[in-house]
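The primary structure of each chain is shown beneath.
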Amino acid sequence: MEFTRKDILGLRDMSREEILAILDTAKPCKQIFSRSVKKLPTMRGRVVVNLFYEPSTRTRASFEMAGKWMSADVLNFSVSTSSVTKGESFTDTALTMQALGADIIVIRHQSAGAPHLLARTTQARVINAGDGIHEHPSQALLDLFTIRERKGTIEGLTVTIVGDILHSRVARSNIWGLQKLGAKVRVAGPATLIPPGLDQLGVEVYTDLDAALDGADVVNVLRIQLERQKPGLFPSLREYQRLFGITRERLQRVARPDVLILHPGPANLGVEITPEVMEDPRCAVREQVSNGVAVRMAMLYLLSGGQGDALTH
Amino acid sequence: MSFVEKAVLINEPGVSRALTRIAHQIIEANQGVDRLCLVGIRTRGVPLAKRLGAEIERIEQTAVPVGILDITLYRDDVATRSNQPIVRETNIPFAIDGKTVVLVDDVLYTGRTVRAAMDALMDLGRPARIQLAVMVDRGHRELPIRADFVGKNVPTSRLEEVVVRLREIDGEDRVVLIERQSP
């Protein structure tokens, strides 16, 4: 199949085929890690702009690496150092990026829907790198890629997402992506951190982590996002750790011996996950980082075309 | 747009005869198979390279390494196409430094695929030399590239298309000439 979408804004409105196209393309992109020359000529002359209204280390670095390995010129704008602090409007900033020759804009914004607005206002192609508590497609795609790589398939697996589901764009994108690829999704967390209506999406909701882990093939452990939360959603980090922390002891007691553990990072060590579990061979956090570059290379490549087809052999 | 089959250029025994001849020519041109390897360009160069490898092994009693090359990320039309084909894996599980690499493809046309393949190979190592084997050379080169080993030279018009069908992919061995018809 061919990929014909202008922008990648979320997994909710993507088809199963489109998701698989990105995952299939990411697989050969990952081969660059084992090469001595980590450079492909694919995006020569293309300009990728990272426009980040929220702090980020790995997502931004990962998109930057992905663009550079494919020979694109990558510009990084973070809001703290840009004209936005002088009061430039969102749309003006976007049009400035377009005037600078941006072919692809990778945007992270604290407001849900900002990437969609950007996609409508510029001719540049837009990739959502996280919008509020809405979607984070590149993270979900790299999670899907990692599951597929470790487990061979996603169809028929049971995946448990643990933690702050309410504030998590990673959870939302994962739920849509996993369901489209045929996985059964469970979520587990304090009742205050689970949005109402999830069961209508076909998601099984648990407030008891042991029950949610029973028989699960994959556990995706979310970060407790202290910066997004209002106080009072759960009594203390210590209690959270006791009820919802992923520990080696808990895994031994209730999880399948071959359970795969994912964490989008950065982890609050000793809160949602213990350092021993992070180092456990069943935990794929380091692979997730390199898979992230491969998936983002695939996303950039699939959006790097222009108008009109030039057919050659 | 529809396509009409105009002629069969090579029939089934013709395909295997051409491969046997090319295998002999590769061995002769390189005075044996020392430091020789074959790399098939996806998609239909791959089964052709495997068959050439088996044929060379049968003649010389020495196995020749065969690799797979995907050139999608090296194409020169990425920026001008509005949609992108899916990339597939390259699998060359041997070092190509100092080797003679025979690139194998089904049809040689503009030469752009071969240009991309050579660039991709150079990023993987430094071969001593690169040679090119194709089942059909249909002319219309846009780059200064020529094949070292050719199954059949076929003069064509740009409205025509040469389709190489191979049993591993298409269930039959046959090379046909088809013509695009505007509706």
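Overview of helix 2 (residues 45-60) of chain B
Residue and element names in this part refer to chain B.
- Here helix 2 is 16 residues long and its end C-alpha atoms lie 22 Å apart, about the 22 Å a rise of 1.5 Å per residue gives.
- Buried within helix 2 are the following residues: Gly45, Val46, Pro47, Leu48, Ala49, Arg51, Leu52, Gly53, Glu55 and Ile56.
- Contacts from the buried residues of helix 2 go to helix 1 (12-29), strand 2 (36-41), strand 3 (66-69), strand 5 (100-108), strand 6 (129-137) and helix 4 (167-170).
- Looking one or two places after helix 2, you find glutamine 61, whose phi comes out positive at around 60°.

Brief notes about the confidence of the model for chain B
- Overall, the prediction assigns chain B a mean pLDDT of 95, with 98% of residues at 70 or greater.
- Taken over the whole predicted complex, pTM reads 0.90, whereas the ipTM for its chain interfaces reads 0.84.

Observations regarding the pattern of salt bridges
Residue and element names in this part refer to chain B.
- Within the structure shown, the criterion is met by 42 salt bridges over all chains.
- A salt bridge links arginine 174 to glutamate 5; the shortest N-O distance between them is 3.4 Å. With a gap of 169 residues between them, arginine 174 in strand 9 (residues 174-181) and glutamate 5 in strand 1 (residues 2-10) connect regions that are remote in the sequence.
- Exposure remark for arginine 174: the relative accessible area of 24% places this residue in the partly exposed category.
- Judged by relative accessible area, glutamate 5 falls into the partly exposed class, the value being 44%.
- Linking aspartate 119 and arginine 115 is a salt bridge whose minimum nitrogen-to-oxygen distance equals 2.5 Å. Residue aspartate 119 and its partner arginine 115 are both found in helix 3 (residues 112-124); the two are separated by 4 residues, about one turn of the helix.

What about the interface of chain B and chain A?
- The interface is formed by 26 residues belonging to chain B together with 30 residues belonging to chain A.
- Of the roughly 2600 Å² buried between chain B and chain A on both sides combined, carbon and sulfur atoms contribute 51%.
- Its largest share of buried area at the contact with chain A, chain B owes to Leu73, Gln84 and Ile86 of chain B, together 24% of the area lost on that side.
- When the shortest N-O distance is used, the salt bridge between lysine 27 of chain A and glutamate 89 of chain B registers 3.4 Å.

What counts and what doesn't
Residues numbered from 1 in each chain as written. Chains lettered and ligands numbered in written order. Predicted model: local features only at pLDDT ≥ 70, side-chain atom pairs only at ≥ 80, totals over all residues. Heavy atoms only, no water. Helix = DSSP H or I, 4+ residues; strand = E, 2+ residues; numbered from the N terminus. Expected span 1.5 Å × (residues − 1). Buried < 20%, exposed > 50% of the residue type's maximum accessible area, 1.4 Å probe, protein only. Contact = heavy atoms within 4.5 Å. pLDDT = per-residue confidence, 0-100. Salt bridge = Lys/Arg side-chain N within 4 Å of Asp/Glu carboxyl O. Buried area = accessible area lost by both parts, 1.4 Å probe.

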